[in-house]
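Architecture and fold: a report
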Amino acid sequence: MERAGIGSMPGETSRPAAKAPPPGAYGVLLLVLAGSLLANSVLGPLVLGVVRYPVSDTLANQLLGLELVTLVVVVPWAALAGVAGLMGARSAPLFGFAPSAYAAYMLVQYILGPEYDHYSVVVLGQLLTFVLAAGLMVWSWALSAYVPVPRRDSRDQRRAGLVMFALATFVALRYAGAVGGSFAGAGIGAEFAEERTFYWSIFLLDLGIVVPCTVAAGCALVSGAAGGWRAHYAVIGWFALVPPSVTAMAVVMLLRDDPHASVPTTLLLGAASVVFGSFAWHTFRTLLRPAGSLVPTGHVS
């Protein structure tokens, strides 16, 4: 590598980091995403109640918790990442991936879950936001190839890979009953009996996308493959946002005396959210270290 002050390890083959910051349009679109998520939550049942979803009381309670986390955590995260992008911060894509992935993940459920029997402007708006979020997720991943990240040794890299495997196991274990029940033809839980599409959309997203991608990130880190640390930031950011939203759903269900509320489940999810949040804090704060401690993500440490 030819940059002053940052050396290459013997035998490394990688491309140098781009000197230019993320395009200004990237920051602008993150701000648009933040505004779209803000509007979706404010217009929904949490604030104004202009938008009402044809769902059961249990799912309505869960949406309240989801929108609360969106307003308090996700919207500010996306907005700050957008401002960072506009200010030329090269780490902005690593921060921008998480809220984009969160939005795409949740909007699938918003669109499919209610099982509308009519056309709706709300669905069109959420569809446009989904396209924006999915596009930003892909763009964030592409731009992150040129973001400097702190140096790590091989031990740290293997340890991070094991964390990825643990996160994938955590998600997969939540569906252990579903997998076992599949061979017996058991019915899905009463919580989702009236909104089966909600359940199956989450089932598909978690087991079909989240778990495989998290395992792939773990394999990349353990093997020392290029892109492993990029995947590490992406996965940790997603886990910093989605599990807390599920915890908020469980808390709202308890507060509103929902018949499907569970204290043990709420405590387990709350503890997991604290752990994931701690991982995220320790992971992302390293991006704020002095530039002298950074190497391009293309390098394998």
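Residues numbered from 1 in each chain as written. Predicted model: local features only at pLDDT ≥ 70, side-chain atom pairs only at ≥ 80, totals over all residues. Heavy atoms only, no water.

Notes on the overall build of the chain
Per the secondary structure count, the chain includes 9 helices and 2 strands. Mapped in sequence order, the helices and strands of the chain form the string α-α-α-α-β-α-α-α-α-α-β. A separation threshold of at least 6 residues defines the contact pool for the chain, and within that pool the share at least 24 residues apart is 82%. Of the roughly 14,400 Å² that the chain leaves accessible, carbon and sulfur atoms contribute 68%. (Helix = DSSP H or I, 4+ residues; strand = E, 2+ residues; numbered from the N terminus. Contact = heavy atoms within 4.5 Å. Areas by Shrake-Rupley, 256 points an atom, 1.4 Å probe, with all protein chains shown as cover.)

Observations regarding the pattern of salt bridges
Where charged atoms of side chains with opposite charge meet at close range, the side chains can pair. In this structure the tally under the stated criterion is 1 salt bridge. A salt bridge links D156 to R159; the shortest N-O distance between them is 2.6 Å. On the criterion of helical spacing, the pair formed by D156 and R159 is a turn pair, its members being 3 residues apart in helix α5 (residues 154-173). Looking at D156, the relative accessible area reads 27%, which means it is partly exposed. For R159, a relative accessible area of 43% translates into the label partly exposed. (Salt bridge = Lys/Arg side-chain N within 4 Å of Asp/Glu carboxyl O. Buried < 20%, exposed > 50% of the residue type's maximum accessible area, 1.4 Å probe, protein only.)

A word on helix α2 (residues 57-86)
Between its terminal C-alpha atoms α2 stretches 41 Å, which fits the 44 Å expected from 30 residues at 1.5 Å a residue. The largest bend in α2 comes to about 40 degrees, at T70. With its phi angle positive at about 90 degrees, G88 sits one or two positions after the end of α2. (Expected span 1.5 Å × (residues − 1). Bend = angle between axes of the 7 residues up to and from the residue.)

As for the packing of α2 against helix α3 (residues 92-112)
In a pair of packed helices, the angle between the axes and the distance between the axes together describe the arrangement. One can describe the packing of α2 onto α3 by two numbers: an axis separation of 9 Å at closest approach and a directional angle of 150 degrees. It follows that α2 is roughly antiparallel to α3 by the angle criterion. In this structure, α2 crosses over α3, and the sense of that crossing is left-handed. Of α3, the residues touching α2 (which contributes L63, L66, E67, V69, T70, V74, W77, A78, A81, A84 and G85) are A92, F95, G96, A98, P99, Y102, M106 and Y110. Across the contact of α2 with α3, the residue classes tally to 15 nonpolar, 3 polar and 1 charged. (Axes fitted to C-alpha atoms, helices over the stretch in contact; angles between N-to-C directions. Parallel < 35°, antiparallel > 145°, perpendicular 65-115°, else oblique. Left-handed = near helix turned anticlockwise from the far one by under 90°. Nonpolar A, V, L, I, M, F, W, Y, C, P; charged D, E, K, R; others polar.)

As for a nonpolar patch on the surface
Together, V28, L29, L31, V32, V83, L86 and M87 make up an exposed nonpolar region whose accessible area comes to about 570 Å². Secondary-structure elements contributing two or more residues to the nonpolar patch are α1 (24-43) and α2. For the nonpolar patch, the element with the highest residue contribution is α1, accounting for 4 residues. Topologically, L86 is positioned in helix α2. Overall, the relative accessible area of 45% leaves L86 in the partly exposed class. (Patch = residues over 30% accessible without salt bridge, like charges linked within 9 Å, V, L, I, M, F, W, Y side chains within 5 Å.)

Some points on the packing of α1 against helix α4 (residues 121-143)
As a packed pair, α1 and α4 sit with axes 10 Å apart at the nearest point and diverge in direction by 145 degrees. For α1 against α4, the interelement crossing comes out left-handed. Of α4, the residues touching α1 (which contributes A25, Y26, L29, L30, V32, L33, S36, L37 and N40) are Q126, T129, L132, A133, L136, W139, S140 and L143. Partitioning the contact of α1 with α4 into residue classes produces 12 nonpolar, 5 polar and no charged.

Digging into the nonpolar core
With 73 residues, the main nonpolar core has Y102, Y105, M164, L167 and F239 as its most contacted residues. Taken together, the elements giving at least two residues each to this core come down to α1, α2, α3, α4, α5, α7 (196-223), α8 (228-255) and α9 (263-284). Among the elements that make up this core, the one with the highest residue count is α8 (15 residues). Excluding residues within four positions of it along the chain, M164 makes contact with T214, A217, G218, L221, H232, V235 and I236. (Core = buried A, V, L, I, M, F, W, Y, C linked by side-chain atoms within 4.5 Å.)

Points about the side chain of N40
Within the secondary structure layout, N40 lies in helix α1. Other than its neighbours up to four places away in sequence, N40 contacts Y53, E67, Y110 and Q126.

Some thoughts on unusual backbone geometry
Of note, E115 is a non-glycine position whose phi angle comes to about 50 degrees, a positive value. Mapped onto the elements, E115 comes out in the loop between α3 and α4. One non-glycine residue, D257, lies in the positive phi region at around 55 degrees. In this structure, D257 sits in the loop between α8 and α9.

Description of α8
Relative to the 40 Å expected for 28 residues at 1.5 Å per residue, α8 spans 41 Å between its end C-alpha atoms, a close match to the ideal helical length. Summarising burial for α8: 24 of the 28 residues are buried, a large majority. At the C-terminal side of α8, D257 shows a positive phi close to 55 degrees.

Quick word on the confidence of the model for the chain
Here the chain shows a mean pLDDT of 87. Residues at 70 or above account for 88%. Long-range and interchain partners of residues 1-18, a stretch whose pLDDT sits below 50, account for 25 contacts in this model, where long-range means more than four residues apart. Considering only residues more than four positions removed or in separate chains, one finds that residues 291-301, a stretch of pLDDT under 50, has 43 contacts. (pLDDT = per-residue confidence, 0-100.)

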